Amino acid sequence: MKLDIVTIFPEYFAPLDISLLGKARRAGLLDVRVHDLRDWTHDRHRTVDDTPYGGGPGMVMKPDPWGEALDTLVPPTTPTAEPDPEPGTDESGAREFGAGAAPATVPRLIIPTPSGRPFTQADAVRYAAEPWLVFACGRYEGIDTRVAEEARTRMPVDEVSLGDFVLAGGEVAVLVMVEAIGRLLPGVLGNADSVADDSFAPGAMESLLEGPVYTKPPVWRERPVPDILLSGHHGAIARWRRDEALRRTARHRPELLSHLAPEALDKHDRAVLREAGFPVDGEGMAD
Ligand code: SAM
């Protein structure tokens, strides 16, 4: 997978050289290129921002360097006739985009912004299946809106939020997304099965958080590991893990339980949820 990251702080991305992602890069599974947006400025001060039209506090990132950066990374030889029909909803990977003249392969452009739609594990899975992603790290009050509009005429563009809080810049958001995506690439994790057990993993437990985990020693500071985990009884262990996942989800993220289809809950699940104080059996959404 190829990743291009455009930022005014390339040094923010040093962590991509370590741990899992560093290994993935060295193994050739992940080709990450970090670009300094200021390389596409032409004045002495290498200016990337200006005052906002309409007034107000702060500065806005100028469209010119962003336009040139994207033109360099994704040369505009691609036909521009047909914009992304529904911005942010295109499900396919790097693709032949537009109609008419010779089609070209283009990346998906991902713009982190608190005003985007929430980034989820499902997005990470979807992005991990794409061959080429470009990330645009905003700063100040964000990037002039015309940059995303223009880019959308020649590549799919997603504006995504990491959550309901405001960071100082897009760099940390991009690091988070790259890690979430990168660990899903085939060959990156030592044990690919662990992905299937993750909180939010697509599949049967999709709406459940992962329950508690333990390792050796069996007793630590007078706290024993639950006996069931030492029993070797796989069926009982799976049931215990599901019970704990249900309890933790009811406690920390009850709204996730509303995504479970009623038939996804068996009698035992319902008993566990009822005991955890979550409404079932006609009282609420899990029924
Ligand atoms: N004035 C903007 C607003 O309220 O929507 C916030 C701009 S923020 C200070 C600067 C940059 O940080 C944004 O352009 C974006 O790249 C990044 N950023 C901040 N919070 C974010 C979040 N929750 N998710 C993703 N990116 C975020």
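Colleague: Please provide a residue-by-residue account of the pattern of salt bridges, values included.
Modeller: The full count for this structure, using the stated rule, is 21 salt bridges. In this structure, Asp-39 engages Arg-46 in a salt bridge whose closest nitrogen and oxygen atoms are separated by 2.9 Å. Across the salt bridge formed by Arg-117 and Asp-123, the nearest N and O atoms sit 3.1 Å from each other. Since its relative accessible area comes to 29%, Arg-117 is described here as partly exposed. Bridged by salt links that share partners, the residues Arg-108, Arg-117, Asp-123, Arg-126, Glu-130 and Asp-158 form one connected network.

Colleague: Residue-level account of unusual backbone geometry, with values.
Modeller: Residue Lys-216 is joined to Pro-217 through a cis peptide bond whose omega torsion reads 5°. Structurally, the position occupied by Pro-217 is in the loop between helix H6 (193-196) and strand E10 (219-220). A positive phi angle, close to 55°, is found at Ser-19, a residue other than glycine. One can find Ser-19 in helix H1 (residues 19-26). At Arg-221, a residue that is not glycine, the phi angle is positive and equals roughly 50°. Inspection of the secondary structure puts Arg-221 in the loop between E10 and strand E11 (223-224). For Arg-221, a relative accessible area of 67% puts it in the exposed group.

Colleague: Please provide a residue-by-residue account of the sheet that holds strand E7 (residues 108-118), values included.
Modeller: To summarise the sheet geometry, strands pair through backbone hydrogen bonds and adopt either a parallel or an antiparallel arrangement. Judged by pairing direction, the sheet is parallel, and its five strands sit side by side in the order E2-E1-E8-E7-E9 without closing on themselves. Looking along the sheet, the strands with just one partner apiece sit at the ends: strand E2 (31-36) and strand E9 (157-161). Between one strand and the next, the sheet's axes are offset by a mean angle of 30°, whatever the strand orientation. Where E7 meets strand E8 (residues 132-136), three bridges bridge the pair, whose relative direction is parallel. Each bridged residue has a counterpart across the sheet, and for Ile-110 the counterpart in E8 is Phe-135.

Colleague: Lay out the site of the ligand with the relevant residues and their values.
Modeller: In the region of the ligand, 19 residues are neighbours, and Pro-112, Glu-141, Leu-162, Phe-165 and Leu-167 sit closest. Here an oxygen atom of the ligand and a backbone polar atom of Gly-169 are 3.4 Å apart. If the ligand stood free it would expose 580 Å²; the protein chains cover 83% of that surface. Mapped onto the shell around the ligand, the elements with two or more residues apiece are E7, E9 and helix H5 (170-182). It is E7 that contributes the most residues to the shell around the ligand, three residues altogether. Residue classes in the shell around the ligand are distributed as 10 nonpolar, seven polar and two charged.

Colleague: Can you break down the pairing of E7 residue by residue, with the values?
Modeller: In terms of strand pairing, E7 meets E9 through six bridges, oriented parallel. Across the sheet, Ile-110 pairs through a bridge with Asp-158, a residue of E9.

Colleague: Lay out the side chain of Asp-158 with the relevant residues and their values.
Modeller: Structurally, Asp-158 is set in strand E9. Judged by relative accessible area, which is 0%, Asp-158 ranks as buried. Within the structure, the side chain of Asp-158 is placed 3.2 Å from the side chain of Arg-108, a separation counted as a polar contact. Polar contacts involving the side chain of Asp-158 include one to the side chain of Arg-117, which spans 3.3 Å.

Colleague: Give a description of the confidence of the model for the chain that names residues and reports values.
Modeller: For the chain, mean pLDDT is 89; residues scoring 70 or higher make up 87% of the total. Below pLDDT 50 for its whole length, residues 88-94 participates in 20 contacts with residues either more than four positions away or in separate chains. Here residues 99-103 is modelled with pLDDT under 50, and outside its nearest four sequence neighbours on either side it reaches seven contacts, counting other chains as well.

How each quantity is defined
Residues numbered from 1 in each chain as written. Predicted model: local features only at pLDDT ≥ 70, side-chain atom pairs only at ≥ 80, totals over all residues. Heavy atoms only, no water. Salt bridge = Lys/Arg side-chain N within 4 Å of Asp/Glu carboxyl O. Buried < 20%, exposed > 50% of the residue type's maximum accessible area, 1.4 Å probe, protein only. Helix = DSSP H or I, 4+ residues; strand = E, 2+ residues; numbered from the N terminus. Pairing = 2+ DSSP bridges. Axes fitted to C-alpha atoms, helices over the stretch in contact; angles between N-to-C directions. Near = heavy atom within 4 Å. Polar contact = N/O pair within 3.5 Å; in protein donor to acceptor, adjacent residues only side chain to side chain. Areas by Shrake-Rupley, 256 points an atom, 1.4 Å probe, with all protein chains shown as cover. Nonpolar A, V, L, I, M, F, W, Y, C, P; charged D, E, K, R; others polar. pLDDT = per-residue confidence, 0-100. Contact = heavy atoms within 4.5 Å.

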